[in-house]
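# Coordinate analysis (summary)
This is what each chain is made of:
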Amino acid sequence: MTGFRTASDRGRIAEDAVAARFAQAGYRILARNYAVHAMGELDLVVQLGTCLSVVEVKARYRAQAFGGAAAALTPAKMKRIRKATLHFQQNHQYMNNELRLLAALVELDSTGAVVSIQIVPIEWR
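Starting from 1, residues in each chain are numbered consecutively following that chain's sequence as written. pLDDT decides what is reported in this predicted model: residues at 70 or higher carry local features, side-chain atom pairs at 80 or more are listed and counted, and totals for whole chains, interfaces and linings draw on all residues regardless. Note: side-chain values were computed over all heavy atoms of the structure, leaving out hydrogens and water.

### Some details on helix H1 (residues 7–24)
For clarity, the cut-off: The secondary structure listing takes helices from DSSP runs of H or I that are at least 4 residues long and strands from runs of E that are at least 2 residues long, numbered from the N terminus. Expected span, for any helix, means 1.5 Å times one less than how many residues it has. The criterion used for residue contact is that any of the two residues' heavy atoms lie within 4.5 Å.
Here H1 is 18 residues long and its end C-alpha atoms lie 26 Å apart, about the 26 Å a rise of 1.5 Å per residue gives. Next to the buried residues of H1 lie strand S1 (28–36), strand S2 (40–48), strand S3 (51–60), strand S4 (98–108) and strand S5 (114–121). Just past H1, the residue Gly 26 takes up positive phi, approximately 95°.

### Looking at the packing of aromatic side chains
Spelled out, the test is: Classification of ring pairs uses Phe, Tyr and Trp, with its six-membered ring standing for Trp, and accepts pairs whose centres are within 6.5 Å; under 30 degrees between planes counts as stacked, over 60 as edge-to-face, and the remaining range as tilted. When a residue's accessible area, from a 1.4 Å probe over protein chains only, is under 20% of the maximum for its type it is buried; when over 50% it is exposed; and in between it is partly exposed.
As enumerated under the stated definition, the model contains three aromatic pairs in all. Look at Tyr 34 and Phe 88: their rings are 4.9 Å apart centre to centre, the planes differ by 90°, and that puts the pair in the edge-to-face class. Highlighted residues: Tyr 34 in strand S1 and Phe 88 in helix H2 (residues 75–91), separated in sequence by 54 residues. For the pair Tyr 34 and Phe 88, a shared accessibility class is recorded, and that class is buried. Each ring, one from Phe 88 and one from Tyr 94, has its centre 5.8 Å from the other, and the planes form 10°; the classification is stacked. Among the aromatic residues, those joined into a ring-pair cluster are Tyr 34, Phe 88 and Tyr 94.

### Topic: the pattern of salt bridges
Where we set the bar: What makes a salt bridge here is a side-chain nitrogen of Lys or Arg within 4 Å of a carboxyl oxygen of Asp or Glu, nothing more.
Overall, the coordinates contain four salt bridges when judged by the stated rule. Between Glu 56 and Lys 58 there is a salt bridge, with the nearest N and O atoms lying 3.2 Å from each other. If you follow the salt bridges from partner to partner, you end up with Glu 56, Lys 58 and Lys 77 in one network.

### Overview of the sheet that holds S3
Which entries qualify depends on this criterion: The criterion for strand pairing is that DSSP finds at least two bridges linking the strands in question. Note on geometry: axes are C-alpha line fits, over the in-contact stretch for helices, and angles between N-to-C directions span 0 to 180 degrees.
In spatial order, the strands read S1-S2-S3-S4-S5; together these five strands make up an open sheet with mixed pairing. Every interior strand has two partners, whereas the edge strands, S1 and S5, have only one. For this sheet, the mean inter-axis angle between neighbouring strands, taken without regard to orientation, is 25°. The sheet contact formed by S3 and S4 spans ten bridges and is parallel. The residue bridging Glu 56 from the neighbouring strand is Ala 103, located in S4. Contacts between H2 and the sheet are confined to S1, S2, S3 and S4, with S1 contributing the most and set at about 120° to the helix.

### A closer look at the layout of surface pockets
A water-sized probe, rolled over the atoms, reveals where empty space remains. Inclusion rule: Using a grid of 1 Å spacing that covers the protein atoms alone, one calls a set of points a cavity when a 1.4 Å probe fits there but cannot get out, and a pocket when the set is open and has protein on both sides within 12 Å along at least five of seven lines; lining residues are those with an atom within 4 Å of a point. Grid points are joined across faces, edges and corners, and a volume is the space filled by probe spheres set on the points. Residues are sorted three ways: Asp, Glu, Lys and Arg are charged, Ala, Val, Leu, Ile, Met, Phe, Trp, Tyr, Cys and Pro are nonpolar, and all the rest, Gly among them, are polar.
Taken as a whole, the largest pocket holds about 240 Å³ of empty space. Those elements that place two or more of their residues in the lining of the largest pocket are H1, S2 and S3. Tallied by class, the residues present in the lining of the largest pocket amount to three nonpolar, three polar and eight charged.

### Observations concerning the side chain of Asn 97
To be explicit about the condition: Identification of polar contacts relies on pairs of N or O atoms within 3.5 Å, with a donor-acceptor requirement for protein atoms, meaning one able to donate a hydrogen and the other able to accept it, and with residues adjacent in sequence counted only if both atoms are side-chain atoms.
Turning to its location among the elements, Asn 97 is positioned in the loop between H2 and S4. A distance of 2.8 Å separates a polar side-chain atom of Asn 97 from the backbone oxygen of Thr 50. When sequence neighbours within four positions are dropped, the list of residues in contact with Asn 97 reads Gln 47, Thr 50 and Leu 52.

### As for the nonpolar core
Put simply, the rule reads: Buried residues of nine kinds, namely Ala, Val, Leu, Ile, Met, Phe, Trp, Tyr and Cys, make up a nonpolar core once their side-chain atoms join them within 4.5 Å.
Among the nonpolar cores identified, the biggest contains 17 residues, and Leu 42 and Phe 88 are the most heavily contacted of them. Sort the elements by how many residues they give to this core and H2 lands first, with four residues. When neighbours within four sequence positions are excluded, Phe 88 is seen to be in contact with Leu 30, Ala 31, Tyr 34, Leu 42, Val 45, Leu 52 and Tyr 94. Counting 16 residues, the second largest nonpolar core, distinct from the first, contains Ala 14, Phe 22, Leu 44 and Ala 59.

Structure below.
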């Protein structure tokens, strides 16, 4: 039996771990699960200095199952992230900030504990 029952449990565990990592590194957490109707959701928006980072969190129990966490970053998902990011920037006065899009690839073990977190930049496609 695993330590989590659903994909939303995995997502919550992973998002909590990633948010904690950014906070420990001195980032300010601006938003978690920022949802925009018909545009999508931003898992995590953080700021360090004047740089705004949008973080897409992807968790996997078996890291390489279904192509691993990075395989979930499809062109359609990236389009939704771009739209939601623009909405966030416009509605929170961050249009002039440097912007980075990052993926946090989180591997969980069978008990639901975080094994590793890899933060990688994502190019705007």
